[in-house]
Amino acid sequence: AAGVIQSPRHLIKEKRETATLKCYPIPRHDTVYWYQQGPGQDPQFLISFYEKMQSDKGSIPDRFSAQQFSDYHSELNMSSLELGDSALYFCASSLRVGRLSGNTIYFGEGSWLTVV
Amino acid sequence: KNEVEQSPQNLTAQEGEFITINCSYSVGISALHWLQQHPGGGIVSLFMLSSGKKKHGRLIATINIQEKHSSLHITASHPRDSAVYICAVRRGTQGGSEKLVFGKGMKLTVNP
């Protein structure tokens, strides 16, 4: 079965550069979530989208932006990168809570971003 | 105080042992997830619970909503069970956001 696909898996950027991470949810899932996990840290919620609209926002820096496209894939754009942005960025997808087909969250493998 | 607390933080066991990982939370939740994270990052969802008990293979997860507590049990542990086990809760009520609040995780090492 298809899972949540993230790309790239690994990315190295220099300070002040820009990075874009992509997430392709499980087919027919309408909700996408982005999480950031720093070294030795627990994942922190960044932002989520439902039906291409932002549905919830967490501790996402102003330098970051995200969107969900018509095919439900999502992109996380990070500008003016700082060393502290080095982390594992997870994407997850689900069907909206309350639908009969269930609402288990499925996670991608994550994208490792290293800022040097 | 963290909203989600896990214990123990680290555990080393011998192959074949019965393992219990605990999770306590302090907020109202609509569901609780047990997740497994292997070195290298990937997170796998093991269980989603809103009440009672679920079993999958050698894994059993229970939740007590009144006591705000959940446990993950691993029977006949195996070295391939070595991973970080994370408890994450979905705050609020049914129909709300799926945003999860994560515990710090418990690093399990199972020695052969």
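All figures in this text were calculated on a predicted structure; none of them were measured in a lab.

A. The arrangement of the overall build of chain B in detail. A tally of helices and strands in chain B yields zero helices and 11 strands. When the elements of chain B are put in sequence order from the N terminus, they spell out β-β-β-β-β-β-β-β-β-β-β. Expressed as lengths along the three principal axes of its C-alpha atoms, the size of chain B is roughly 45 × 25 × 25 Å. When the 112 residues of chain B are sorted by exposure, 45% land in the buried category.

B. The state of the cysteines, seen in detail. Tallied over the full model, the rule gives two disulfides over all chains. Between the sulfur of Cys23 of chain A and that of Cys91 of chain A lies a disulfide, 1.7 Å long from S to S. Judged by the sign of its S-S torsion, about -55 degrees, the cystine formed by Cys23 of chain A and Cys91 of chain A is left-handed. In this pair, Cys23 of chain A is assigned in strand β3 (residues 19-24) and Cys91 of chain A in strand β9 (residues 87-94), connecting sequence segments 68 residues apart. A disulfide bridge connects Cys23 of chain B with Cys87 of chain B, and the sulfur atoms are separated by 1.9 Å. For the disulfide bridge between Cys23 of chain B and Cys87 of chain B, the dihedral angle about the S-S bond is near -60 degrees, and by the sign convention the bridge is left-handed. Here Cys23 of chain B is found in strand β3 (residues 19-25), whereas its partner Cys87 of chain B is found in strand β9 (residues 83-91), with 64 residues between them in sequence. Cys23 of chain B sits in the buried class, given a relative accessible area of 0%.

C. Main features of unusual backbone geometry. Look at the link from Ser7 of chain A to Pro8 of chain A: it is a cis peptide, with omega at -10 degrees. Inspection of the secondary structure assignment puts Pro8 of chain A in the loop between β1 (5-7) and β2 (10-13). For the peptide bond that leads from Ser7 of chain B to Pro8 of chain B, omega is -10 degrees, which places it in the cis range. With respect to the helices and strands, the residue Pro8 of chain B is situated in the loop between β1 (4-7) and β2 (10-14). A positive phi is found at Arg28 of chain A, a non-glycine position, where the angle reads about 80 degrees. Here Arg28 of chain A shows up in the loop between β3 and β4 (31-37). Residue Ser80 of chain A is not a glycine yet carries a positive backbone phi of 45 degrees. As for its position among the elements, Ser80 of chain A is in the loop between β8 (74-78) and β9.

D. Here's a closer look at the sheet that holds strand β8 (residues 69-74) of chain B. All names here are of chain B. One open sheet accounts for five strands, arranged β1-β3-β8-β7-β6; its pairing is antiparallel. The sheet is open, and its two edges are formed by β1 and β6 (52-56), each paired on a single side. Strand-to-strand twist in this sheet, taken as the mean axis angle between neighbours without regard to direction, amounts to 15 degrees. Relative to β8, β3 is paired through six bridges, and the arrangement is antiparallel. From the neighbouring strand, Cys23 faces β8, where its bridge partner is Ser70.

E. Up close: the pairing of β6 of chain B. Residues and elements named next belong to chain B. Burial analysis of β6 places just zero of its five residues in the buried class, a small minority of the element. Sheet topology note: the β6/strand β7 (residues 59-64) ladder contains five bridges and is antiparallel. Of the residues in β7, the one forming a bridge with Gly52 is Ile63.

F. Local environment of the pattern of salt bridges. Residue and element names in this part refer to chain A. Counting across every chain of the model gives six salt bridges over all chains. Taking the shortest distance from any N to any O, the salt bridge between Lys22 and Glu75 comes out at 3.9 Å. A residue pair is termed long-range when its members are at least 10 positions apart, and Lys22 in strand β3 and Glu75 in strand β8 qualify at 53 residues. Overall, the relative accessible area of 30% leaves Lys22 in the partly exposed class.

G. Focus on the packing of aromatic side chains. Going through the model one piece at a time under the given rule, you end up with five aromatic pairs over all chains. Ring centres of Tyr35 of chain A and Phe107 of chain A lie 6.3 Å apart, and the angle between their planes is 45 degrees; on these two criteria the pair is classed as tilted. In this pair, Tyr35 of chain A sits in strand β4 while Phe107 of chain A sits in strand β10 (residues 106-107), placing the two residues 72 residues apart along the sequence. Comparing Tyr35 of chain A with Phe107 of chain A shows no difference in burial state: the two are buried. Chaining the aromatic ring pairs together yields one cluster made of Tyr35, Phe45, Phe90 and Phe107 of chain A together with Phe102 of chain B.

What counts and what doesn't
- Residues numbered from 1 in each chain as written.
- Chains lettered and ligands numbered in written order.
- Predicted model: local features only at pLDDT ≥ 70, side-chain atom pairs only at ≥ 80, totals over all residues.
- Heavy atoms only, no water.
- Helix = DSSP H or I, 4+ residues; strand = E, 2+ residues; numbered from the N terminus.
- Buried < 20%, exposed > 50% of the residue type's maximum accessible area, 1.4 Å probe, protein only.
- Disulfide = S-S within 2.5 Å.
- Pairing = 2+ DSSP bridges.
- Axes fitted to C-alpha atoms, helices over the stretch in contact; angles between N-to-C directions.
- Salt bridge = Lys/Arg side-chain N within 4 Å of Asp/Glu carboxyl O.
- Phe/Tyr/Trp six-rings, centres within 6.5 Å; stacked < 30°, edge-to-face > 60°.

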